[in-house]
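For reference, the chains in residue letters:
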Number of protein chains: 2
Amino acid sequence: MNNFSFRNPTKLIFGKDTIANLAKEIPTGKTIMITFGGGSVKQNGVYDQVKDALKNHKTVEFWGIEPNPTYETLLKAVALGKENKVDFLLAVGGGSVLDGTKFIAAAMCFQGAEPWDLMQNPRLITAVIPMGTVLTLPATGSEMNSGAVISRKATQEKLALGTPLNFPVFSILDPQTTFSLPKNQVAAGIVDSFVHVLEQYLTYPSQSPLMDRWAEGILQTLVEIAPEAMKQENYDVMANFMLCATMALNGFIAMGVPQDWATHMIGHELTAYHGITHGFTLAIVCPALMQVMKADKHDKLLQYAERVWQITEGTNEQKINQCIEKTEQFFRSVGVNTRLSEYGVGKDTIEKIVNRFTERNWIVGEKRNITPSIVREILEKAL
Amino acid sequence: MNNFSFRNPTKLIFGKDTIANLAKEIPTGKTIMITFGGGSVKQNGVYDQVKDALKNHKTVEFWGIEPNPTYETLLKAVALGKENKVDFLLAVGGGSVLDGTKFIAAAMCFQGAEPWDLMQNPRLITAVIPMGTVLTLPATGSEMNSGAVISRKATQEKLALGTPLNFPVFSILDPQTTFSLPKNQVAAGIVDSFVHVLEQYLTYPSQSPLMDRWAEGILQTLVEIAPEAMKQENYDVMANFMLCATMALNGFIAMGVPQDWATHMIGHELTAYHGITHGFTLAIVCPALMQVMKADKHDKLLQYAERVWQITEGTNEQKINQCIEKTEQFFRSVGVNTRLSEYGVGKDTIEKIVNRFTERNWIVGEKRNITPSIVREILEKAL
């Protein structure tokens, strides 16, 4: 097992009618900027619950953090926050609102001229405004980690921001908020959570049987509950989906093991160039990457086939092919496309992405052997 | 799933040669009291590594925290700490040293006349001295939770202390420290970790399939690695044992699920009256409790039989009997006794324990239905 250091200080407040806890989680002396996406929280009652809980707090609101939150939008929030001398941030929404708010938290404390520098060099982040979250969309895990992904329209870039300072102080997860989500967002959340686990699991055997079991536990649970989760009816099912999504990317299954993240790196480019929803890009890249990296990931693919998909018949080669097929079918079973052609994306985009990997010297994967030409191979397999 | 709140701020620093990290984890301005058990850390090199790492820090040493740390001993440490104006505690050892140090941390800040009051009423704990740990014995999970169990010789009591203030700031786990442990301590640690998981898992189906999978993941890993762990030769095996023990009792598998803890409550009394090592008491109580509570725990026992022990043949009744037998065999396979008679404990002690449960109105178990007379039944089954 590799040496590791783990710390996750976020307080998770989970369950029915927990939004009311906001009042006691944020000291009353604070000036809070509440950040939102579009208006869905006004329809599903979350906005009213938040405002009611904070009726004795001083609040300002920032609306309009978009899916794949953009630098351009977030700078407006930074200005509003500074203007109002905000000293606490509360993100209410899905991963995009949470990610965007992490950037706001860092940028509000940044003295330099160009906050985009924080994306290139996280060491510039020496302080952040403390933040809490009310999560309404299980998917990204942002509610219990310190990462964020920010896009910049001007340059068609999508980059990850990471600093241990960016853990939310608390996150409130009320599974009831998921009942009114658009179906395609539930589907994207299932795929996103599933692939988060695979990025930390589907590498090579690494002497951590416990972490393997925990990763497989999330994968199995997602496979089991997905059909019911898509119906958005059963509280316990939605609660488990929400718990799976958080546990998939909070460091709990990453202790001492190698990680991949190539699927995400490639997927981000599909979002950057075509605006495809993050989870949907993963469903395209993931099965193709498994195919192309079959030799490198052989032993772990076999374990995945046997333990997650209960494939026990056939040769190793057959088991591996079957589990890749089952993975793609799983994504399709929740209504998610798995091919570039289904989005009208063709070879020209593939070349743009390969060029970006080349220009930036991005060599990805757990063995750092996914070169730009292998990225091409993966994307061509996904056509 | 039940509503829950989860927070675990302890930083885990895990791996080979990590004790040297102490220097940067504790600010140099601090006066540190280092707490120890007997002298084993002087033989295995841990003492030298700790002192070397802290050579630029001001330190005082307190030696002699015994297994099942006693109030009487800990009060001496409290006095030494106050005398030296200690403002950081570093526990170096196994769960007893860690637990004892948690009590010292709270008692040093307590203004009342009788620190034992903190055991009866944890609300009296409003501040603690911050503490870090260097763990040398995987078993109790104390390195990443806020609990502690303290004994009082004068009254033959063994009580749990719990306050969220008592999480260690950091814990350093170097699996190499386990190579020189006495074999019976490794065995006790395996049993202790295993039963910690069962206390949180073997209750009733509770709509948290993910928590079930994670609990089963620890149990399966412990069963798989136990024979190799007993040899104390392989780094990765010992690392996984250490990781299992920490994950068994840090709240990660307790989210939204019911918990039992009757085995521990009964086991503590066996330690209080006969000084039997904590892990060994659990090996006595656990299989007997499964037998007696078979009807209440029916569904979960069946799941445990099928998923942890891969018992797929026979009637439900047969599967359950088999898994109870396998549990007892597992404890015996690491050299641990499972019967009261093997320790020369008889009916007189059983009556003393039943009386204590009666006097204190302790009704335990996940359904709060283990009355004193059921405690008798369990202990008689374990004779």
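Residues numbered from 1 in each chain as written. Chains lettered and ligands numbered in written order. Predicted model: local features only at pLDDT ≥ 70, side-chain atom pairs only at ≥ 80, totals over all residues. Heavy atoms only, no water.

**Student:** If you had to explain the overall build of chain A to someone new, which residues and values would you point to?
**Tutor:** Of the regular secondary structure elements, chain A holds 15 helices and eight strands. Taking 383 residues into account, the globule formula puts the C-alpha radius of gyration at 21 Å, and chain A, at 20 Å, falls close to it. Across its three principal directions, the C-alpha atoms of chain A cover 65 × 45 × 45 Å. In chain A, buried positions account for 62% of the 383 residues. Total accessible area on chain A stands at roughly 13900 Å², and carbon and sulfur atoms take up 49% of it. Taking the average location of the 36 positive side-chain charges in chain A and that of its 39 negative ones, the two points are 4 Å from each other. (Helix = DSSP H or I, 4+ residues; strand = E, 2+ residues; numbered from the N terminus. Rg over C-alpha atoms; globule rule 2.2 N^0.38 Å. Buried < 20%, exposed > 50% of the residue type's maximum accessible area, 1.4 Å probe, protein only. Areas by Shrake-Rupley, 256 points an atom, 1.4 Å probe, with all protein chains shown as cover. Lys, Arg positive; Asp, Glu negative; His and termini not counted. Charge placed at Lys NZ, Arg CZ, Asp CG, Glu CD.)

**Student:** Pulling in residues and values, what's your account of the packing of helix α7 (residues 183–201) of chain A against helix α11 (residues 278–292) of chain A?
**Tutor:** Residue and element names in this part refer to chain A. Between α7 and α11, the least distance of the axes is 8 Å, while the angle of their chain directions is 40°. The angle between α7 and α11 falls in the class oblique. With respect to the hand of their crossing, α7 and α11 are arranged in left-handed fashion. Between α7 and α11, the residues in contact are N184, A188, V191, D192, V195, H196 and L198 and H278, G279, F280, L282, A283, C286 and M290, respectively. Grouping the amino acids of the contact of α7 with α11 by side-chain chemistry returns nine nonpolar, four polar and one charged. (Axes fitted to C-alpha atoms, helices over the stretch in contact; angles between N-to-C directions. Parallel < 35°, antiparallel > 145°, perpendicular 65-115°, else oblique. Left-handed = near helix turned anticlockwise from the far one by under 90°. Contact = heavy atoms within 4.5 Å. Nonpolar A, V, L, I, M, F, W, Y, C, P; charged D, E, K, R; others polar.)

**Student:** Residues and numbers for the sheet that holds strand β5 (residues 131–135) of chain A, please.
**Tutor:** Strands sit in the order β3(A)-β2(A)-β4(A)-β5(A)-β8(A)-β1(A)-β1(B)-β8(B)-β5(B)-β4(B)-β2(B)-β3(B) across an open sheet of 12 strands; the sheet is mixed. A strand with exactly one partner marks an edge of an open sheet, and here the two such strands are β3 (58–62) of chain A together with β3 (58–62) of chain B. Shown here is a sheet whose adjacent strand axes are inclined to one another by a mean of 25°, direction ignored. (Pairing = 2+ DSSP bridges.)

**Student:** A description of the side chain of T35(B) should follow, citing residues and the corresponding values.
**Tutor:** All names here are of chain B. Here T35 shows up in strand β2 (residues 31–35). Since its relative accessible area comes to 0%, T35 is described here as buried. Setting aside residues no more than four positions away along its own chain, T35 makes contact with F62, I65, L90, A91, V92, V97, T101 and I104.

**Student:** An account of the relation of the copies chain B and chain A is needed here, citing residue identities and associated values.
**Tutor:** Overlaying chain B with chain A gives an RMSD of 0.0 Å, the required rotation being 180° about an axis along which the chain moves by 0.0 Å. In symmetry terms, the pair is related by a two-fold rotation axis. For chain B, the residue whose C-alpha comes nearest the rotation axis is P9(B), separated from it by 2.1 Å. (Least-squares fit on C-alpha atoms with pLDDT ≥ 70 in both.)

**Student:** Mind laying out the packing of aromatic side chains, listing which residues take part and the relevant values?
**Tutor:** Applying the stated criterion across every chain yields a total of 36 aromatic pairs over all chains. With a centroid separation of 5.6 Å and 50° between ring planes, the pair formed by Y47(B) and W63(B) is classed as tilted. Remark: W63(B) occurs in the loop between β3 and α4 (71–83) and Y47(B) occurs in helix α3 (residues 46–53); sequence separation between them is 16 residues. Overall, the relative accessible area of 28% leaves W63(B) in the partly exposed class. Measuring from centroid to centroid gives 6.2 Å for F88(B) and F170(B), while their planes differ by 15°, and the two rings are stacked. Here F88(B), found in strand β4 (residues 88–93), pairs with F170(B), found in strand β8 (residues 170–173); they are 82 residues apart in sequence, far enough to count as distant. The residues F88(B) and F170(B) share a single accessibility class, namely buried. Among the aromatic side chains, those forming a connected cluster through ring pairs are F6(A), W214(A), F252(A), F6(B), W214(B) and F252(B). (Phe/Tyr/Trp six-rings, centres within 6.5 Å; stacked < 30°, edge-to-face > 60°.)

**Student:** Hey, could you go over the pairing of strand β4 (residues 88–93) of chain A for me, with residue numbers and the actual values?
**Tutor:** All names here are of chain A. For β4, the buried fraction is high: six of the six residues fall into the buried class. Side chains F88, L90 and V92 of β4 all project onto a buried face; the interleaved residues L89, A91 and G93 project onto the opposite face, where all are buried too. One ladder, built from four bridges, connects strand β2 (residues 31–35) with β4; its direction is parallel. Across the sheet, the residue bridging to I32 is F88, located in β4. Of the strand pairs in this sheet, β4 and β5 are connected by five bridges, and their pairing is parallel. Note on β5: the bridge partner recorded for V92 is V134.

**Student:** Talk me through the state of the cysteines; I want residue IDs and the actual numbers.
**Tutor:** All names here are of chain B. Here the structure, examined in full by the defined rule, presents zero disulfides over all chains. C286 supplies the cysteine sulfur nearest to C244, a cysteine that is in no disulfide, at a spacing of 17 Å. Since its relative accessible area comes to 0%, C244 is described here as buried. The thiol sulfur of C286 is not disulfide-bonded, and the nearest other cysteine sulfur, from C323, lies at 9.8 Å. By relative accessible area, which is 4% here, C286 ends up buried. (Disulfide = S-S within 2.5 Å.)

**Student:** Hey, could you go over the pattern of salt bridges for me, with residue numbers and the actual values?
**Tutor:** Taken as a whole, this structure holds 36 salt bridges over all chains when the rule is applied. We note a salt bridge from R152(A) to E114(A), for which the minimum N-O separation is 3.8 Å. Here the residue R152(A) occupies a position in strand β6 (residues 147–152), and E114(A) occupies one in the loop between α5 (95–107) and α6 (117–120), the gap between them amounting to 38 residues. The partner of D260(B) in a salt bridge is K297(B), and the shortest N-O contact between them spans 2.7 Å. Taken together, the positions of D260(B) in the loop between α9 (235–247) and α10 (262–274) and K297(B) in the loop between α11 (278–292) and α12 (298–307) put the pair 37 residues apart, joining distant regions of the chain. Judged by relative accessible area, K297(B) falls into the buried class, the value being 2%. (Salt bridge = Lys/Arg side-chain N within 4 Å of Asp/Glu carboxyl O.)

**Student:** Could you give an account of the interface of chain B and chain A, naming the residues involved and the relevant values?
**Tutor:** By a widespread convention, an interface's size corresponds to the accessible area lost as its parts come together. Counting from both sides, the interface comprises 39 residues of chain B and, opposite them, 39 residues of chain A. At the boundary of chain B with chain A, total buried surface from both sides reaches about 3400 Å², with 60% on carbon and sulfur atoms. It is M1(B), R213(B) and W214(B) in chain B that bury the most area against chain A; as a group they hold 19% of the surface buried on that side. Applying the counting criterion to the chain B and chain A interface returns two salt bridges. Note that E224(B) is salt-bridged to R213(A), the shortest N-O span being 2.4 Å. Put simply, chain B and chain A have 15 residue pairs in polar contact (both at pLDDT 80 or more) between them. Mapped by element, the contributors of at least two residues to the side of chain B that touches chain A are β1 (4–14), α8 (209–229) and α9 of chain B. Broken down by element, the residue count for the side of chain B that touches chain A peaks at 11 residues, all from β1(B). Its residues assigned to classes, the side of chain B that touches chain A comprises 21 nonpolar, 12 polar and six charged. Alignment of strand β1 (residues 4–14) of chain A against β1(B), held across seven bridges, turns out to be antiparallel. Bridge pairing links F6(A) to L12(B) in β1(B). (Buried area = accessible area lost by both parts, 1.4 Å probe. Polar contact = N/O pair within 3.5 Å; in protein donor to acceptor, adjacent residues only side chain to side chain.)

**Student:** So what about unusual backbone geometry? Which residues, and what values?
**Tutor:** The backbone phi angle of D17(A) is positive, close to 55°, even though this residue is not glycine. You can see D17(A) is positioned in the loop between β1 and α1 (22–25). Since its relative accessible area comes to 52%, D17(A) is described here as exposed. Of note in this structure, Q156(B) is not a glycine but carries a positive phi near 50°.

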